Every structure is written in structure tokens, then in C-alpha cells.
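Summary of the model geometry
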Amino acid sequence: MAQPDPAKRILCAIDTPDLEAAATLARTLKGAVGGVKLGKEFFTANGPAGVRRIAGAGLPIFLDLKFHDIPNTVAGAVRAAGALGCFMLTIHASGGAAMIRAAAKAAEEAGRNGKRPLVVAVTVLTSLSEADLASVGQSGPVEAQVLRLARLAKDNGADGAVASPREATALRAALGPDFTLVVPGVRPTGVAAGDQIRVTTPADALSSGADYLVIGRPITGAPDPRAAARAITYQIAAPPRAAAKA
Ligand code: C5P
């Protein structure tokens, strides 16, 4: 059976308010990555028109706006995101069962034209410690809360979750092969971690069960972003450690 194209597993995070820079990047990366992630920074500056402009470059869009509101409002937001044509979007699992169900149902409805977005749930933000969880009344440890929220998401119709590299293995084991895992905090071998505290290599993230790797600055900050994305694809196909042993 043919291996899936490793480039398709890479989603490049374009975190900038600059529409022209984002559009140039998206054009440059077409064919070298599987899609681009647009988040709150880009969206707040450029809105739906900005998303359409980037989509015009021809790459699938992962709209990472982390919806968290009453079910009716989140359903409306998911329908609107579906109308924008994104292939995947995020919600907060901590919005609760009814909100997750509303998001999943809205995604189904948005999919009647054949473009149903995947709904992936954020569990515990990696910026939060166990003490932070306690301060908002959530019980830890963090890993247990991540698993609890990911199960809640799956049981209520979400398609997947965003997971840190450290959580991916446990989530894959607990939630089975059909749950989409999206993993940020990925750094190609030899690239600075930046402000990411826990990082993993692309090959290790995929072997721990990730379906998609979210990679931003190692691509967007490179002198040649397309070459940087290609280099990551080669690393996935032939991880340096394995190559060194051969
Ligand atoms: O530039 P970098 O590769 O660190 O970008 C990673 C992207 O993934 C950013 O858009 C960041 O907001 C997002 N992200 C993350 N860690 C999480 C969740 C999302 O880095 N736990």
C-alpha cells in the first residue's frame, strides 16, 4: 500500500497579522505542506476575507479559533467556518458535552456541500500547570484532565484533539486509530525550540500517533520557507537517527 505523502501531514502555522506576508507564504508553500493553520492573530486582523484570500492560494485551511461559548453560538460559528471552506477547525473541549455535540452537528450540516470540516478539540492549554487548573476549579494532574476532556470530545462527536507531543501516545492508545490527533510543538532536528518548552521531532511526533504536525516558525522564519518545509518532509521520510544507523 502506498505511504501517505509526508508533506500532507504538515500544517504550517501562519501567525501574523500581515495579510500580504501570509498570502505570499501560502503561495510559496503550495505543494510543500498539507495546509496552513490560521489562528486568532491572523483572523482578528484580517477576518473572513483574509481567510478566503489565503484559501485562494490553493492550500487547505485549518481554522484555529478555539470556539468556546454556549452551544447555539458555537454551532453558528462552526457553520460560518464551514462556509469559509476550512477543512478543520478547533473548539475547546471544556465548553462541555452539549457544546461539543452542537459543534459536531453544525459541522455535519456545513458538510452538505461535501466540505464537512473536521472538529478537533483543544483539551488543556499547554501554558497551564496543575496549579493553574486548580485555580479555575479543574482537578489534575494535567495528563488526566487532558484524557478526560479528549474522551468527552470523542464521546460527543468531535473528530479529534490537539495534543502536545507528550500526550499524543496516551491519547492515541486511549481513543483509537480513527481519532484525529493534531500535534504542535514540533521542531525539525537542528532547529531552535524558540519558546516551545516540550518539543519533538517530526518523525517522533508521527510515530507517537500524530496525524497532523503543526509547524510554524521553523518554516515561516526560514530564509527559504519552501525549502524548510521540504527538508522536514525528507526528515519524516528518512529520520536522521535512522539514517545515521544505516
Ligand atoms: O511557531 P511554532 O511552530 O511554535 O507554532 C506552533 C503553532 O501551534 C502556533 O500557532 C501555536 O499557537 C500553536 N500551538 C502550540 N502549542 C499548543 C497549541 C497550539 O504551539 N499547545
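Keep in mind it's a predicted model, so treat the numbers as computed, not measured.

A short note on the pattern of salt bridges
- One pass over the full model with this rule turns up ten salt bridges.
- One salt bridge connects R53 with E20, and the closest N-O pair in it is separated by 3.0 Å. Placement of R53 in helix α2 (residues 40–55) and of E20 in helix α1 (residues 19–29) is noted, with a sequence separation of 33 residues between them.
- Taking the shortest distance from any N to any O, the salt bridge between E109 and R79 comes out at 3.6 Å. On the criterion of sequence distance, the pair formed by E109 in helix α4 (residues 97–110) and R79 in helix α3 (residues 71–83) is long-range, its members being 30 residues apart.
- A relative accessible area of 38% means that R79 is categorised as partly exposed.
- Ionic contacts of the salt-bridge type, sharing partners, join the residues K37, D64 and K66 into one network.

Things to note about α3
- Between its first and last C-alpha, α3 extends 18 Å over 13 residues, near the 18 Å set by a 1.5 Å rise per residue.
- Residues V74, A75, V78, A81 and G82 constitute the buried set of α3. The buried residues of α3 occupy an angular sector of 125 degrees when the element is viewed end-on, so they sit on one face. Away from its buried face, by an angle of more than 90 degrees, α3 presents the exposed residues N72 and A83.
- In the core, the buried residues of α3 are packed alongside β3 (61–67), β4 (88–92) and α4.
- G85 sits one or two residues past α3 and shows a positive phi near 90 degrees.

What counts and what doesn't
- Residues numbered from 1 in each chain as written.
- Predicted model: local features only at pLDDT ≥ 70, side-chain atom pairs only at ≥ 80, totals over all residues.
- Heavy atoms only, no water.
- Salt bridge = Lys/Arg side-chain N within 4 Å of Asp/Glu carboxyl O.
- Helix = DSSP H or I, 4+ residues; strand = E, 2+ residues; numbered from the N terminus.
- Buried < 20%, exposed > 50% of the residue type's maximum accessible area, 1.4 Å probe, protein only.
- Expected span 1.5 Å × (residues − 1).
- Arc of directions from axis to C-beta.
- Contact = heavy atoms within 4.5 Å.

Shape is all these values report; function is a separate question.
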